[in-house]
Amino acid sequence: MPATLLNSIAAQLLVLAQTRKRLLAGHDAEALHELRIALRSLRALLPVVLKRNKRIDAAILAAWKALANLTSPTRDAEVLLALLCRRHAALRAKLQKTQ
């Protein structure tokens with residue numbers, strides 16, 4: 001396996017570990033987004049590495065995809081909450097100007 005591929009995998013695993021810690025700490029708004037990016041990046045690299053048993057490889061890829069999909073509702077809620085907060089602040093500022 002080429003060293004650049006191994007380096008890419010190692011880099012994404014490091015990002016995954018770091019963003020997991022940031023996410024669990026709870027005060028980093030971008031941690032979940034970056035965790036999802038790392039999961040997708042690793043899922044893209046897995047088919048290059050997994051070439052031994054089609055059934056097992058397919059199961060690993062499916063499990064990895066399911067893991068990434070688990071983060072989708074949370075990220076959607078996080079984005080919506082941020083949008084609502086910005087909209088609320090803008091409306092509040094507009095209301096204060098009219099009073």
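Since this is a predicted model, take the numbers as computed values, not measurements.

K.L.:
I tried to follow the overall build of the protein chain on my own but got confused; where do I start?
P.N.:
Along the backbone of the protein chain there are four helices and zero strands. Its C-alpha atoms give the protein chain a radius of gyration of 19 Å, more than 25% over the compact-globule value 13 Å for 99 residues. Its C-alpha atoms put the protein chain at 70 × 25 × 20 Å along the principal axes. For the protein chain, the proportion of its 99 residues judged to be buried stands at 20%. Across the protein chain, every contact between residues at least 6 apart in sequence was considered, and the portion connecting residues at least 24 apart equals 53%. When the accessible area of the protein chain is evaluated, it comes to approximately 7600 Å², of which 64% is carbon and sulfur surface.

K.L.:
Mind showing me how you'd approach the packing of helix α2 (residues 31-49) against helix α3 (residues 54-70) here?
P.N.:
The angle between the axes and the distance between the axes are what describe a pair of packed helices. Where α2 contacts α3, the axes come no closer than 10 Å and their chain directions differ by 170°. The angle between the axes of α2 and α3 places the two elements in the roughly antiparallel class. Only Ile 60, Leu 61, Trp 64, Lys 65, Leu 67 and Ala 68 of α3 make contact with α2, whose side of the interface consists of Arg 36, Leu 39, Leu 42, Arg 43, Leu 46 and Pro 47. Partitioning the contact of α2 with α3 into residue classes produces nine nonpolar, no polar and three charged.

K.L.:
Just to check I follow, could you spell out the nonpolar core for this structure?
P.N.:
Residues Leu 5, Ile 9, Leu 16, Leu 32, Leu 35, Ala 38, Leu 39, Leu 42, Leu 45 and Ala 68 constitute the largest nonpolar core, which totals ten residues. Among the elements that make up this core, the one with the highest residue count is α2 (six residues). Beyond its immediate sequence surroundings of up to four residues, Ala 38 is in contact with Gln 12, Val 15 and Leu 16.

K.L.:
Can you help me understand α2 in this one?
P.N.:
Given 3.6 residues per helical turn, the α-helix brings residues three or four places apart onto the same face. End to end, α2 covers 26 Å across 19 residues, agreeing with the expected 27 Å (1.5 Å per residue, within 8%). Of all the positions in α2, only Ala 31, Leu 32, Leu 35, Arg 36, Ala 38, Leu 39, Leu 42, Leu 45 and Leu 46 are classed as buried. Contacts from the buried residues of α2 go to α1 (3-25), α3 and α4 (72-98).

K.L.:
Where do I start with the environment of Lys 21 in this structure?
P.N.:
Tracing the backbone through its elements, the reader meets Lys 21 in helix α1. On a C-alpha basis, the gap between Lys 21 and Ala 66 in space is 20 Å, while along the polypeptide they are 45 residues apart.

K.L.:
Looking at this structure, how should I read the confidence of the model for the protein chain?
P.N.:
Any residue range with low pLDDT should be treated as having predicted coordinates unsuitable for detailed reading. In this model, the protein chain carries a mean pLDDT of 83, and residues with pLDDT of at least 70 account for 99%. Within the protein chain, α1 carries the highest mean pLDDT (87), whereas α3 carries the lowest (81).

K.L.:
Explain the pattern of salt bridges to me, please; I cannot follow it from the model alone.
P.N.:
Close approach of charged atoms allows side chains with opposite charge to pair. Going through the model one piece at a time under the given rule, you end up with two salt bridges. The shortest N-O distance in the salt bridge between Arg 22 and Asp 28 comes to 2.3 Å. A salt bridge links Arg 22 to Glu 34; the shortest N-O distance between them is 2.7 Å. Taken together, the residues Arg 22 in helix α1 and Glu 34 in helix α2 connect sequence positions twelve residues apart. By relative accessible area, Arg 22 is classed as partly exposed at 27%. A relative accessible area of 28% places Glu 34 in the partly exposed class. Through salt bridges that share partners, Arg 22, Asp 28 and Glu 34 make up one connected network.

What counts and how
Residues numbered from 1 in each chain as written. Predicted model: local features only at pLDDT ≥ 70, side-chain atom pairs only at ≥ 80, totals over all residues. Heavy atoms only, no water. Helix = DSSP H or I, 4+ residues; strand = E, 2+ residues; numbered from the N terminus. Rg over C-alpha atoms; globule rule 2.2 N^0.38 Å. Buried < 20%, exposed > 50% of the residue type's maximum accessible area, 1.4 Å probe, protein only. Contact = heavy atoms within 4.5 Å. Areas by Shrake-Rupley, 256 points an atom, 1.4 Å probe, with all protein chains shown as cover. Axes fitted to C-alpha atoms, helices over the stretch in contact; angles between N-to-C directions. Parallel < 35°, antiparallel > 145°, perpendicular 65-115°, else oblique. Nonpolar A, V, L, I, M, F, W, Y, C, P; charged D, E, K, R; others polar. Core = buried A, V, L, I, M, F, W, Y, C linked by side-chain atoms within 4.5 Å. Expected span 1.5 Å × (residues − 1). pLDDT = per-residue confidence, 0-100. Salt bridge = Lys/Arg side-chain N within 4 Å of Asp/Glu carboxyl O.

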